[in-house]
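In case you want the letters, here they are:
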Amino acid sequence: MFKPQLFFYIPTIVLTVVLGLIVFLNNPKKLTNRIFLLFSIGIFGWLVAQFVADIVGNIELSLAFIRVTVAVSIYIGFTFVALIDALAKEDKPNKKLWLYSGLGFMLLLPVAFLPTTVESVTQKNWGVEATYGDTYAVFLLYSISIFLFTLYLAFFRKNQQSSRARTQILFVYMGIAITLLVNIFGNFILLPFGLPQQFGVAMSVAAVLFIVGFTGYAILKHRLFNIRAVVARSLAYVFSIGAFAFLYAFLAFGLAQGVFLKNILTTELSREIFNVVLAVLLAFTFPTIRRFFEKITDRVFYRDRYDPQQLVSDIGRVLASEILLEQLSSKVLAIIDAQMRLATSNIVVMGEDGIFYQTHADKIQQLYHAPELAKFNKGTTIVDELTDIGKREILERHNVRAVFPLRTKESFVGYLLLGEKQSGDIFSTQDVQTLQIISDELAIAINNARSYQEIQRFNETLREKVRLATAELRHANVELKELDKAKDEFISMASHQLRTPLTAVRGYTSMVMEGDFGKVSKEQKETLKQSFDAATRMTRLVDDLLNVSRIQSGKFKIERAEVDLNKVLPEEVSMLATAAEMKHVDITLHKPKSPVPVLQIDEGKTRQCLMNMMDNAIYYSSTATSGGKVDVYLEADADWVSFKVKDNGIGVPKAEQAKLFQKFYRAPNAQKTRPDGTGLGLFLVGRVTKDQGGEIIFESEEGKGSTFGFKLPVKAAGEDLSAAAKSEVAVK
Amino acid sequence: MEGDTQKAAVPAANEKADVVVVEDDPFISRMYQVKLAKAGYHIAMGVNGREAVALITQHQPRLALVDINMPEMTGIEAVNQLKNDGYDFSRTKIVFLTNSNNPNDIEKAKSMGADYLIKADQTPRGVLELIRQKLGEVSS
């Protein structure tokens, strides 16, 4: 008794069971998957009940099973509501809704078994035909309300769901709803109008294929339940086993029974041996067959397949070889684009204050904005899984489908922004995992490149700043030089202006004193002498000031010329003779036994030094109770000419000696003896001596006296002694 | 007697002067004038380089005291002018006066074969002694 609808039943039952189990086993903890299993069990139950009713051959039993199919339909309706709700709410279903529809299911269940629902069945040659009663209309209402209610749940309720979830629901809903509509249409409209019931049943069974088909499509294309890989592998196995079975059957029966081997395999034993050999042979060929089908299914399911390891290592090579941000970014993106087949991709690098760099900044019209991007810095964002409409809108505006924040252990670096895959596929778990590995490495590389670039930029800024500062300094230098020139001119002019009247004062005073304008008394002469000395001193102060100012401005220069101290020193001593006389200081010049060599030194400045030291000696020994005594020595040995002034004055306290040659420094006892000293004299002596390559001679004991002086090298550095000797002759 | 000498120091227009003093500062030029006149020299006075050229050319003195820093024409320029004019210096010794020991001036003075003295360091007596020495009237 061949029944054509068996062709529908068997594959439909198998597919339903396999699908339900795969979904459930793939993630048994997920509510949606569990409900899908319950739903599949419902479909399975209905099919089995219908199948059994058709083939059982007993009218009583057939009636009972037909009633079961009605009851199971109610159950299927309930699980359909639960499935759509769970999908729409992304695994967080509405419990109240379940409670109410569960109650409805319980209430309706007894109705299925009322005699007025399915009144009787009659055995036909294709199966059983049911006669429905009045209460069967309840199921029409039930079916319609389930259809409408799920429609509302899936699409009209306010659902926080991703576009991916919406697409998934759409397919699942369409599969089930079409099945439902086919059932409503067939059972309640066509049958009453005379469609043979056998077609109605066949339609109902076949309609289940819509559920399997649409759900399957959602699984494969839209990653419903995340079981694409499982489905692909299962299909590969199904095909492999199918092909294997076919091959085995062909060889075992076709060959064995066929003409070719019929005469050889005559005995039972030989047939056994043949089968064993065949089995071994096939056992070895199975992996090959499986691989063949895997390849084919892979090609069908994973057209955009790439090798993640290859991708990671390709990118690793770029990361290791590039240091410039622009090259690094564009090369990495080129590899990702090519291997993952992306429409667009970008890298945005953040700096301390906003976006530091973004790829294609010149090409993309919609540039990224730091505050917008900041919303995605927490973790990987896949647009299809995003429920936040605001965030989705931002990414869709930029055609971004996935955002990978780039961060190192220490800092946040930026974003890897990927566009749509050219295939339209969404990013798989494998994609995301691979890209996360890449992101981590990319973050470190970009961080380095950014630091490098920052250093480069910093260098540039620094160079620019240095350039500006140099220009400013140059300008300031010009101004300073002008000012300095003006100052020098002023000092030179001031000293000239001061010296001229002083020359006149000294000159006239000396003339009066010397009797050029009539006889002067001794008393008058002494007074005039004091006036003369004061003016002389003032001249020297002006010179000291002039020299100190020159030292300050770096204009102080030793102008070397031949100087014969044998001649110069007595002149200086004689100029001080009157001053010494008036202070009752006995000044004695101890001339050398033979004249000292002529030196290449600065005459004016050396004269000033001699004068300063002797003047000091006269001043500070004038208070000596036994009368001041100053001895001036000029001596020479092979290398040095030395000048010394020994006095019996106040001396310099030990503690003050170190500071004595400092500018403006004056020892306390000196200040007391001579309040009007400037503290410049010894400073100048020190400087002039040093600049002429000489050394200061100084020793002192407080209260007993001091010896001041200097020694100058006979041969000035780098100069020929004979030249100095010749010039001595020339002067004479 | 000293008053008479002072008057006699200013030579008449046609009289030849022994010494020409060219100095822009009136106090100083007057001072040298008095001192030199008292010592018996005939003196002609000028206040700038141009007058120096004119006076030296006119009087051909035995000695000229010429200040370096003067308005209009400096002492050095004046002597250069005389050289260019072909003045015969064998008759006249030039002593430059300077108020600052500016090495440049000293160098220039020496290179022109002239002597120099720093006014601030010298009293009129010192100047007089230098002149006498230059004119060979006393041995150094």
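Here the structure is a predicted model, which is why all the values come from computation and not from measurement. (Residues numbered from 1 in each chain as written. Chains lettered and ligands numbered in written order. Predicted model: local features only at pLDDT ≥ 70, side-chain atom pairs only at ≥ 80, totals over all residues.)

1. Comments concerning the overall build of chain B
Point 1. For chain B, the count of helices and strands is six helices and five strands.
Point 2. Each helix and strand of chain B, placed in order from N terminus to C terminus, yields the pattern α-β-α-β-α-β-α-β-α-β-α.
Point 3. Within chain B, counting contacts between residues at least 6 apart in sequence, those at least 24 apart form 63% of the total. (Helix = DSSP H or I, 4+ residues; strand = E, 2+ residues; numbered from the N terminus. Contact = placed C-beta atoms within 7 Å.)

2. Things to note about the overall build of chain A
Point 1. From N to C terminus, chain A includes 22 helices and 14 strands.
Point 2. Counting all 732 residues of chain A, 34% fall into the buried class.
Point 3. A separation threshold of at least 6 residues defines the contact pool for chain A, and within that pool the share at least 24 residues apart is 69%. (Buried ≥ 20, exposed ≤ 12 C-beta atoms within 10 Å, placed from the backbone.)

3. Here we look at helix H3 (residues 49-59) of chain B
Each turn of an α-helix holds 3.6 residues, which means side chains three or four residues apart point in the same direction.
Residue and element names in this part refer to chain B.
Point 1. Within the sequence span of H3, burial applies to Gly49, Ala52, Val53, Leu55, Ile56 and His59.
Point 2. Buried residues belonging to H3 abut strand E1 (19-22), strand E2 (43-46), strand E3 (63-67) and helix H4 (75-85).
Point 3. A positive phi of about 45° marks Gln60, the residue just after H3.

4. So, the interface of chain A and chain B
Point 1. Contacts between the two partners involve 18 residues from chain A, matched on the other side by 16 residues from chain B.
Point 2. Split by residue class, the side of chain A that touches chain B holds four nonpolar, nine polar and five charged. (Nonpolar A, V, L, I, M, F, W, Y, C, P; charged D, E, K, R; others polar.)

5. Focus on the pairing of strand E12 (residues 640-647) of chain A
Residues and elements named next belong to chain A.
Point 1. As judged from the seven bridges shared by strand E11 (residues 628-636) and E12, these two strands associate in the antiparallel manner. The residue of E12 that forms the bridge with Glu635 is Ser642.
Point 2. Here E11 folds back onto E12, and the loop between the two strands holds three residues.
Point 3. Pairing geometry for E12 and strand E14 (residues 705-713), over seven bridges, is antiparallel. Bridging from a neighbouring strand, Val641 pairs with Leu712 of E14. (Pairing = 2+ DSSP bridges.)

6. Considerations on the pairing of E14(A)
Residues and elements named next belong to chain A.
Point 1. In terms of burial, E14 is a largely internal element, seven of the nine residues being buried.
Point 2. As paired strands, strand E13 (residues 695-701) and E14 are joined by seven bridges and run antiparallel to one another. Within E14, the residue paired with Ser700 across the bridge is Ser706.
Point 3. Counting the residues in the hairpin turn of E13 and E14 gives three residues, including Gly703, whose phi is positive at 85°.

7. A short note on the sheet that holds strand E5 (residues 381-382) of chain A
All names here are of chain A.
Point 1. The strand order across the open sheet formed by five strands is E4-E3-E7-E6-E5, and the pairing between neighbours is antiparallel. This sheet does not close on itself; its edge strands, each paired only once, are strand E4 (354-358) and E5.
Point 2. Two strands pair when backbone bridges link them, and E5 and strand E6 (residues 402-407) are joined in this way by two bridges, in the antiparallel orientation. What sits directly across from Thr381, in E6, is Val403.
Point 3. Against the sheet, helix H12 (residues 325-340) engages strand E3 (345-351) and E4, with an angle of about 150° to E3. (Axes fitted to C-alpha atoms, helices over the stretch in contact; angles between N-to-C directions.)

8. What about the sheet that holds E13(A)?
Residue and element names in this part refer to chain A.
Point 1. Spatially, the five strands line up as an open sheet ordered E9-E11-E12-E14-E13, and their pairing is mixed. One side of each edge strand has no neighbouring strand; the edge strands of this open sheet are strand E9 (585-590) and E13. This sheet shows a mean twist of 10° between the axes of neighbouring strands, independent of strand direction.
Point 2. Of the strands in this sheet, E9, E11 and E12 are in contact with helix H17 (residues 565-582), which crosses E9 at around 170°.

9. Observations regarding H4(B)
Residue and element names in this part refer to chain B.
Point 1. Considered for burial, the residues of H4 that qualify are Gly75, Ile76, Ala78, Val79 and Leu82. Around the axis of H4, the buried residues are gathered within 160° of arc, so they sit on the same side.
Point 2. Looking one or two residues beyond H4, the residue adopting positive phi is Gly86, at roughly 85°. (Arc of directions from axis to C-beta.)

10. Some remarks on the confidence of the model for chain A
Residue and element names in this part refer to chain A.
Point 1. Here chain A averages 81 in pLDDT, and 88% of its residues register 70 or above.
Point 2. Per-element mean pLDDT across chain A ranges from 39 in helix H22 (residues 721-731) up to 94 in E12.
Point 3. Across residues 719-732 the pLDDT falls below 50, and counting only partners more than four positions away or on other chains, this stretch makes 15 contacts in the model. (pLDDT = per-residue confidence, 0-100.)

11. Looking at the nonpolar core
All names here are of chain A.
Point 1. By size, the foremost hydrophobic cluster in this structure holds 64 residues, and its most contacted members are Leu83 and Ile84.
Point 2. For this core, the secondary-structure elements that each account for two or more residues are helix H1 (6-26), helix H2 (31-55), helix H3 (59-88), strand E1 (118-124), strand E2 (127-132), helix H5 (137-156), helix H6 (163-190) and helix H7 (197-222).
Point 3. Excluding anything up to four places from it in sequence, Ile84 contacts Thr150, Leu153, Ala154, Ile169 and Tyr173.
Point 4. Ranked by size, the runner-up nonpolar core spans 43 residues in total, among them Val598, Leu610, Tyr620 and Val645. (Core = buried A, V, L, I, M, F, W, Y, C linked by C-beta atoms within 7 Å.)

12. Considerations on the packing of H17(A) against helix H18 (residues 603-621) of chain A
Residue and element names in this part refer to chain A.
Point 1. Running from N to C, H17 and H18 cross one another at 35°; their axes reach a closest spacing of 10 Å. Note on packing geometry: the crossing formed by H17 with H18 is right-handed. In this structure, H17 uses Val568, Leu569, Glu572, Val573, Leu576, Ala579 and Ala580 to contact H18, whose residues at the interface are Glu603, Arg607, Leu610, Met611, Met614, Asp615 and Ile618.
Point 2. The residue makeup of the contact of H17 with H18, split by class, is 10 nonpolar, no polar and four charged. (Left-handed = near helix turned anticlockwise from the far one by under 90°.)

13. Quick notes on the packing of H3(A) against helix H4 (residues 95-112) of chain A
All names here are of chain A.
Point 1. The interhelical angle for the contact between H3 and H4, taken along N-to-C directions, is 170°, at an axis separation of 9 Å. Comparing their axes, H4 and H3 come out roughly antiparallel. Contacts from Arg67, Val70, Ala71, Ile74, Tyr75, Phe78, Val81, Ala82 and Asp85 in H3 reach Leu97, Trp98, Ser101, Gly102, Phe105, Leu108, Leu109 and Ala112 in H4.
Point 2. Each residue belonging to the contact of H3 with H4 can be placed in one class, and the counts come to 13 nonpolar, two polar and two charged. (Parallel < 35°, antiparallel > 145°, perpendicular 65-115°, else oblique.)

14. Describing the environment of Val138(A)
Residue and element names in this part refer to chain A.
Point 1. Mapped onto the elements, Val138 comes out in helix H5.
Point 2. Residue classification places Val138 among the partly exposed residues on the basis of 17 C-beta atoms within 10 Å.
Point 3. Val138 sits 21 residues away from Thr117 along the chain, and the two C-alpha atoms are 8.8 Å apart.

15. Details of the environment of Ala617(A)
All names here are of chain A.
Point 1. Mapped onto the secondary structure, Ala617 falls in helix H18.
Point 2. Separated by 37 residues in the primary sequence, Ala617 and Ala580 place their C-alpha atoms 9.5 Å from one another.
Point 3. In contact with Ala617, other than residues within four places in its own chain, are Val630, Val645, Asp647, Gly649 and Phe708.

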